[in-house]
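What follows is each chain in one-letter form.
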Amino acid sequence: MIVETKQDIVDVLQMPYDRYLDIVAPYAKRIHEENNQNALTATAMLGYDNICKNRCLYCGMRAGSTNIKRYRIAREDVVASAKAAAATGLRRIFLISGEDPKYGFDNLIYIVEEIKALGFHISLACGEFSLEQYNELRAAGADEYVLKFEMSQADIFDRLNPSTNFKKRMQSIDWIKQSGMRLASGNIIDYPGQTDEQIAEDILLMKQLEISWAPIIPYLPAKGTPLASEGGPGSLEKTLKEISLLRIMMPSVNITAQQPGKNLANGLADPEGNLNALNVGANMLFADMLPLALARNFSVVDNRITLGLEHIRNMAERSGMTLIF
Ligand code: SF4
């Protein structure tokens, strides 16, 4: 099966779901088995700061939202969390925050240096920085940086992300690549008004950027956000189709398997949602290191529940995949 052009992608997005499950999904899964030994990659995740200066129209953590309690975890406690993750055998960590200039860039550098010394592969998602800052993060030991382009249409990006703009976002993405960190990026799937052609353009941009990880999930309206009144949630079927398309087009890319199932109240750790994603080509699950009381407030989307390592072990067993750390 060859998937290269925008039309090839649109054809898959628009084919009957049964036909996709019969032909495309098993093909994508086979590519993962042949190229990546059917590995399920476990990664520790810590949302260390949920304060954000930005007002993305779809985000539950946007500045001014009063639905959540704000927190910053002190740098020493972030490192202590990483030590706890290391004690369970985890060797990859994903540190994520809102764009909070007051956290202190020096504190972030300290965290990266200390956690690197523990032997971790470090992925960061802390927003837009300058080239110099990305260079410093790379020098401190960061391996990968997550900055989603969200959508590849500049006019839509500028409407939904009024605190920045598409040009600036793509400049930051370019700087991340220049710094030598691997780039993780991707889109929001099936937000209100998005067309299949636009999803296809997003997928082509991911390929063009040679991303290392596609941190994708469907659009999940967060309560009280401006975009929530325009519709949603995004289609789970379309999300699974995008996962398979990415696997076919980029055989060794990491793809988030932390996907919702039919019962959105189960959040991103829904066993059915995770297994469906693993069965069609996704390969990464996250062990949340946040104490539950804080996890409820790290809510880019509602019900972001991700659970811990036991859940990941269970998913590896049920999917027949080989768990790697
Ligand atoms: S999506 Fe990220 S940058 Fe935008 S408001 Fe939410 S936390 Fe801030």
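I will try to describe carefully the structure that is included in this document. Computed from a prediction, not measured in an experiment: that's the story for all the values here.

### Details of the pairing of strand 1 (residues 39-49)
Regular strands have side chains that alternate between both faces of the sheet.
And step 1. Counting buried positions over the 11 residues of strand 1 gives 10, a clear majority of the element.
And step 2. Relative to strand 11 (residues 322-324), strand 1 runs parallel, the two sharing 3 bridges. The residue bridging T41 from the neighbouring strand is I324, located in strand 11.
And step 3. Here strand 1 runs beside strand 10 (residues 284-288); their pairing, made up of 5 bridges, is parallel. Opposite T41, over in strand 10, you have M284 as the bridge partner.
And step 4. Pairing of strand 1 with strand 2 (residues 92-97), which is carried by 5 bridges, proceeds in the parallel orientation. Directly across from M45, in strand 2, lies its bridge partner F94.
And step 5. Tracing the backbone out of strand 1, into helix 3 (residues 75-87) and back to the parallel element strand 2 gives a crossover that is right-handed.

### Comments concerning the pairing of strand 2
And step 1. Along strand 2, 6 of the 6 residues are buried, which leaves the element largely enclosed by surrounding structure.
And step 2. Relative to strand 3 (residues 121-125), strand 2 is paired through 5 bridges, and the arrangement is parallel. In the strand pairing of strand 3, I93 is matched with I122.
And step 3. You can see the chain leave strand 2, run along helix 4 (residues 105-116) and come back into strand 3, and the turn it takes is right-handed.

### Considerations on helix 10 (residues 271-279)
And step 1. Of the positions making up helix 10, those classed as buried are G273, N274, N276, A277, L278 and N279.
And step 2. Check the buried side of helix 10 and you find it contacts helix 2 (17-36), strand 1, helix 9 (236-249), strand 10 and helix 12 (309-319).

### Digging into the packing of helix 10 against helix 12
Packed helices, taken two at a time, are described by their axes: the angle between them and the distance between them.
And step 1. Contact geometry of helix 10 with helix 12 gives a least axis separation of 10 Å together with a crossing angle of 50 degrees. The angle between the axes of helix 10 and helix 12 places the two elements in the oblique class. In the packing of helix 10 onto helix 12, the handedness of the crossing is right-handed. Two secondary-structure elements touch here, helix 10 through P271, N274, L275, L278 and N279 and helix 12 through M315, R318 and S319.
And step 2. The residue inventory of the contact of helix 10 with helix 12, partitioned by class, reads 4 nonpolar, 3 polar and 1 charged.

### Quick notes on the site of the ligand
And step 1. Close to the ligand lie C52, N54, C56, C59, M61, R62, G98, E99, G127 and V300.
And step 2. Residues that form the shell around the ligand fall into these classes: 5 nonpolar, 3 polar and 2 charged.

Procedures and definitions
- Residues numbered from 1 in each chain as written.
- Predicted model: local features only at pLDDT ≥ 70, side-chain atom pairs only at ≥ 80, totals over all residues.
- Buried ≥ 20, exposed ≤ 12 C-beta atoms within 10 Å, placed from the backbone.
- Helix = DSSP H or I, 4+ residues; strand = E, 2+ residues; numbered from the N terminus.
- Pairing = 2+ DSSP bridges.
- Right-handed = clockwise from strand over helix to strand, strands pointing away.
- Contact = placed C-beta atoms within 7 Å.
- Axes fitted to C-alpha atoms, helices over the stretch in contact; angles between N-to-C directions.
- Parallel < 35°, antiparallel > 145°, perpendicular 65-115°, else oblique.
- Left-handed = near helix turned anticlockwise from the far one by under 90°.
- Nonpolar A, V, L, I, M, F, W, Y, C, P; charged D, E, K, R; others polar.
- Near = placed C-beta within 6 Å.

From the geometry alone we can't say anything about function, so treat these as descriptive.
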